[in-house]
Amino acid sequence: MTFLCVQPAAAHPHIFIDAGLKFQFDDQGMLTAVRVNWIYDELYTLMLIEDLDLDPDGDGELTPEEIAVLARQDADWPPDYEGDLYGTADGRPIALGPPRSFGLDYVDGRIISTHLRPLAKPIDPVAHAVIFKTYDPFFYAAFDVTLPVETQGRDCTTEVIEPDVAAAEDKLAALMQFGPDDGALVEQQYPQVGEDFADSVVLTCAGD
């Protein structure tokens with residue numbers, strides 16, 4: 001299964017990921033897909049490699065066969081995994097298709113993972129306000145949009161808006177203290193606050 005299919009376990013993230021996006025447009029200038037790039041932190045990468053019994057000599061190098069093992073796991077998405085990518089057009093959710101065109105590499109002790117998320121229907125980026133976020137709803141993994149945010153096929157601008165971290169932490173603290181029924185919070189009621197900590201990537205395209 002994909003690396004990020006994990007169960008919520010605590011109030012703070014256990015995985016840290018640098019993220020980048022590339023918006024892809026067709027010949028009519030419609031937004032049709034988003035290329036997602038993730039780079040996992042060194043500690044989680046090491047733990048994953050050890051769990052999979054890779055790099056047995058501990059030299060920090062992976063063979064092509066070992067990288068293929070990681071790639072197969074990264075591309076094996078269970079049916080209920082939404083992919084930690086969420087978009088809106090004028091505030092309404094954008095439906096995304098299944099992932100494809102996976103790629104994986106291992107550089108300087110970190111896993112580099114990429115895949116393409118096609119939109120279920122093309123969207124006119126001029127007629128609609130388009131915003132994308134990459135986040136784990138349960139905040140087990142923390143995404144930070146530090147990699148390039150690009151466009152392909154159309155001249156558009158992008159802006160990364162950072163979250164109000166103080167407000168998000170206050171919300172998390174309150175939700176961790178009391179569950180939905182005003183009782184002690186149990187694991188099944190873990191608050192889905194990942195979006196509150198997520199960067200917003202705003203896409204702006206000018207009309208002809």
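Cut-offs and rules
- Just so you know, the residues in each chain are numbered from 1, in the order the chain's sequence is written.
- The predicted origin of the model limits local features to residues at a pLDDT of at least 70 and limits the giving and counting of side-chain atom pairs to 80 or more, whereas totals for whole chains, interfaces and linings rest on all residues.
- As a rule here, side-chain values cover all heavy atoms of the structure and leave hydrogens and water aside.
- Residue-level confidence of the predictor is what pLDDT reports, using numbers from 0 through 100.
- Every residue pair with non-hydrogen atoms within 4.5 Å of one another is taken to be in contact.
- Only runs of H or I of at least four residues qualify as helices and only runs of E of at least two qualify as strands under DSSP, and these elements are numbered from the N terminus.
- Exposure classes here rest on a 1.4 Å probe applied to the protein chains alone. A residue is buried below 20% of its type maximum, exposed above 50%, and partly exposed in between.
- Only four residue types enter the charge count, namely Lys and Arg as positive and Asp and Glu as negative; His and the chain termini do not.
- Should a side-chain nitrogen of Lys or Arg be within 4 Å of a carboxyl oxygen of Asp or Glu, the pair is scored as a salt bridge.
- Within 3.5 Å is the distance limit for a polar contact, defined as a pair of N or O atoms, with the added protein rule that one can donate a hydrogen and the other accept it, and that residues adjacent in sequence qualify only through two side-chain atoms.
- Following DSSP output, two strands are said to pair if at least two bridges run between them.
- Disulfides are defined as pairs of cysteine sulfur atoms found within 2.5 Å of each other.

1. A word on the confidence of the model for the protein
Low-pLDDT stretches of the model should not have their predicted coordinates read in fine detail.
And then number 1: When pLDDT is averaged along the protein, the result is 89, and 88% of the positions lie at 70 or above.
And then number 2: Within the model, pLDDT remains below 50 along residues 182-188, and this stretch shows ten contacts once partners closer than five positions in the same chain are excluded.

2. Observations regarding the side chain of D199
And then number 1: In this structure, D199 sits in the loop between α3 (165-177) and β11 (200-205).
And then number 2: Lacking a salt bridge, the buried D199 has K133 as its closest oppositely charged neighbour, with an N-O distance of 9.3 Å.
And then number 3: Here V145 takes part through its backbone nitrogen, which lies 2.9 Å from a polar atom of the side chain of D199.
And then number 4: If we ignore the near neighbours within four places in the chain, the residues touching D199 are F132, K133, F143, D144, V145, V160, I161, E162 and P163.

3. Considerations on the sheet that holds strand β7 (residues 130-134)
And then number 1: The antiparallel open sheet is built from five strands, whose spatial order is β4-β3-β7-β11-β10. Bordering the open sheet on either side are β4 (92-93) and β10 (156-161), each of which pairs with just one other strand.
And then number 2: Inspection of the sheet shows β10 paired to β11 by six bridges, in the antiparallel sense. What sits directly across from C156, in β11, is C205.

4. A look at the pairing of β7
Every other side chain in a regular strand lies on the same face of the sheet, so the side chains alternate between the two faces.
And then number 1: Of all five residues that make up β7, four are buried, and the element is covered over most of its length.
And then number 2: Examined bridge by bridge, strand β3 (residues 85-89) and β7 share five bridges and lie antiparallel to one another. Its bridge partner being in β7, A89 is matched across the sheet by V130.
And then number 3: As paired strands, β7 and β11 are joined by three bridges and run antiparallel to one another. From the neighbouring strand, V130 faces β11, where its bridge partner is L203.

5. As for the environment of L119
And then number 1: Locating L119 in the fold gives a position in strand β6 (residues 110-123).
And then number 2: Looking at L119, the relative accessible area reads 9%, which means it is buried.
And then number 3: In this structure, the C-alpha to C-alpha distance between L119 and L31, residues 88 residues apart in sequence, is 7.8 Å.
And then number 4: Non-local contacts of L119, meaning those with residues more than four positions away in its chain, are made with L31, T32, A33, V34, I94, A95, L96 and G97.

6. Quick look at the state of the cysteines
And then number 1: Across all of its chains, the model carries one disulfide by this definition.
And then number 2: The side chain of C156 participates in a disulfide bridge whose partner is C205; the two sulfur atoms lie 2.0 Å from each other. Its S-S torsion of about 110° marks the bond between C156 and C205 as right-handed, since a negative value means left-handed. Residue C156 is located in strand β10, and its partner C205 is located in strand β11; the two are separated by 49 residues in the primary sequence. Per residue, the accessibility class of C156 equals that of C205, and both read buried.

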